[in-house]
Amino acid sequence: MKNIGFIGAFDKLDLLLYLAKIFTMLGKKVVVVDTTLEQKSKYIVPFINPTKCYITRFEDIDIAIGFESYEEIERYIGSTENKRMNYDFALVSIDTIEGFEHFNNQDTIKNYFTTSYEAYSIRKGLEAICNIKHPIDLTRVVFSTQVNEEDNYYLEYLALGYKVKWDEKTINFPYDTKDIEVMIENQRTNKIRLRTLSQGYRDSLEYLVMDIMPNINLNELRKVMKMIEKEG
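Residues numbered from 1 in each chain as written. Predicted model: local features only at pLDDT ≥ 70, side-chain atom pairs only at ≥ 80, totals over all residues. Heavy atoms only, no water.

## Observations regarding the overall build of the protein
Piece 1. A tally of helices and strands in the protein yields nine helices and eight strands.
Piece 2. The C-alpha radius of gyration of the protein comes to 17 Å, within 12% of the 17 Å expected for a compact globule of 232 residues.
Piece 3. When the 232 residues of the protein are sorted by exposure, 51% land in the buried category.
Piece 4. Residue pairs at least 24 apart in sequence account for 76% of intrachain contacts in the protein once pairs closer than 6 positions are excluded.
Piece 5. Surface exposure of the protein reaches about 11,800 Å², of which carbon and sulfur atoms provide 46%.
Piece 6. The protein carries 30 positive and 36 negative side-chain charges, and their two centres are separated by 5 Å. (Helix = DSSP H or I, 4+ residues; strand = E, 2+ residues; numbered from the N terminus. Rg over C-alpha atoms; globule rule 2.2 N^0.38 Å. Buried < 20%, exposed > 50% of the residue type's maximum accessible area, 1.4 Å probe, protein only. Contact = heavy atoms within 4.5 Å. Areas by Shrake-Rupley, 256 points an atom, 1.4 Å probe, with all protein chains shown as cover. Lys, Arg positive; Asp, Glu negative; His and termini not counted. Charge placed at Lys NZ, Arg CZ, Asp CG, Glu CD.)

## Here we look at the nonpolar core
Piece 1. One finds L19, I22, F23, L91 and L205 to be the most contacted residues of the largest nonpolar core, which totals 45 residues.
Piece 2. No other element matches helix 1 (residues 13-25), which puts nine residues into this core.
Piece 3. Sequence-distant contacts of L91, that is, excluding residues within four places in its chain, are made with I4, F6, L16, L19, A20, F23, V30, V31, V32 and V33.
Piece 4. Within the second largest apolar cluster, 30 residues are counted, among which are V31, I73, F113 and W166. (Core = buried A, V, L, I, M, F, W, Y, C linked by side-chain atoms within 4.5 Å.)

## Some remarks on the packing of helix 5 (residues 119-126) against helix 6 (residues 149-158)
Piece 1. In contact at an axis separation of 10 Å, helix 5 and helix 6 are set at 30 degrees when each is read in the N-to-C sense. Classified by the angle between their axes, helix 5 and helix 6 sit roughly parallel to one another. Here helix 5 runs over helix 6; the crossing is right-handed. Where helix 5 abuts helix 6, its residues A119, I122, R123 and L126 lie against Y154, L155 and L158.
Piece 2. The residue makeup of the contact of helix 5 with helix 6, split by class, is six nonpolar, no polar and one charged. (Axes fitted to C-alpha atoms, helices over the stretch in contact; angles between N-to-C directions. Parallel < 35°, antiparallel > 145°, perpendicular 65-115°, else oblique. Left-handed = near helix turned anticlockwise from the far one by under 90°. Nonpolar A, V, L, I, M, F, W, Y, C, P; charged D, E, K, R; others polar.)

## Considering the sheet that holds strand 7 (residues 136-143)
Piece 1. If you trace the eight strands from one edge of the open sheet to the other, you get 3-4-2-5-1-6-7-8, paired in mixed fashion. One side of each edge strand has no neighbouring strand; the edge strands of this open sheet are strand 3 (54-58) and strand 8 (164-173). This sheet shows a mean twist of 25 degrees between the axes of neighbouring strands, independent of strand direction.
Piece 2. Inspection of the sheet shows strand 1 (residues 2-7) paired to strand 5 (residues 89-94) by six bridges, in the parallel sense. Each residue of the ladder has a partner; that of I7, found in strand 5, is I94.
Piece 3. In the packing of helix 8 (residues 199-212) onto the sheet, contacts are made with strand 1, strand 5, strand 6 (108-115), strand 7 and strand 8, and the angle to strand 8 comes to roughly 145 degrees. (Pairing = 2+ DSSP bridges.)

## Observations concerning the pattern of salt bridges
Piece 1. This model, assessed by the stated rule, comprises 11 salt bridges.
Piece 2. A salt bridge links K40 to D14, with the shortest nitrogen-to-oxygen separation between them at 3.6 Å. Remark: D14 occurs in helix 1 and K40 occurs in the loop between strand 2 (30-34) and helix 2 (41-44); sequence separation between them is 26 residues.
Piece 3. The buried category is assigned to D14, whose relative accessible area is 9%.
Piece 4. Notably, a salt bridge pairs K169 with D167, separated by 2.7 Å at the nearest N-O pair.
Piece 5. Residue D167 is classed as partly exposed on the basis of its relative accessible area, which comes to 24%.
Piece 6. Taken together, the salt bridges that share partners define one network made up of K110, D167, K169 and D211. (Salt bridge = Lys/Arg side-chain N within 4 Å of Asp/Glu carboxyl O.)

Written as structure tokens, this is what we have:
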């Protein structure tokens, strides 16, 4: 299983659901693990009678909520389905140092720092990695109308002394009114739709998938994204 961490205080559940949808359409088995304090997925992803920790299925994606380690998820799957955890990808939403320590392991292939340029988002997000014991490589995923190098320098300045090596690139997602409205509508209708997202947002999704899966066939990826766009 390839573990991918999305670290930060910025709300990233919608992004992870879009990514997971693309991966499942590519034939991959995916689990989204919500380790965040708010556990937004508990309120967004439909489920009847949720318990303290559980796994629910949403559009062929497993959503794991309330677990404190992969061992807990493994035990839960074994007790409910009598089988072992078997995923191609785990997309892990992290906003605390505990979440980072419990879900960042030797299987982690990528870590992304997901943020806006708002001071709270940056400072609060950095708390999750302030006391890490081993150096990590981090790629910035920034939700903003444009990439601002001065703000990137500000982020790196605040992280001085942290055991972080920043990737030279920044993956920018536009965060305009249209995309926010699409996310809200998807949440209300319990759907994962790409069709009405802005072209800029979809381009960034494509780029992020290719960053995670560098050997993917671009034509196959675009074909799958077109299929998802036609749904609903």
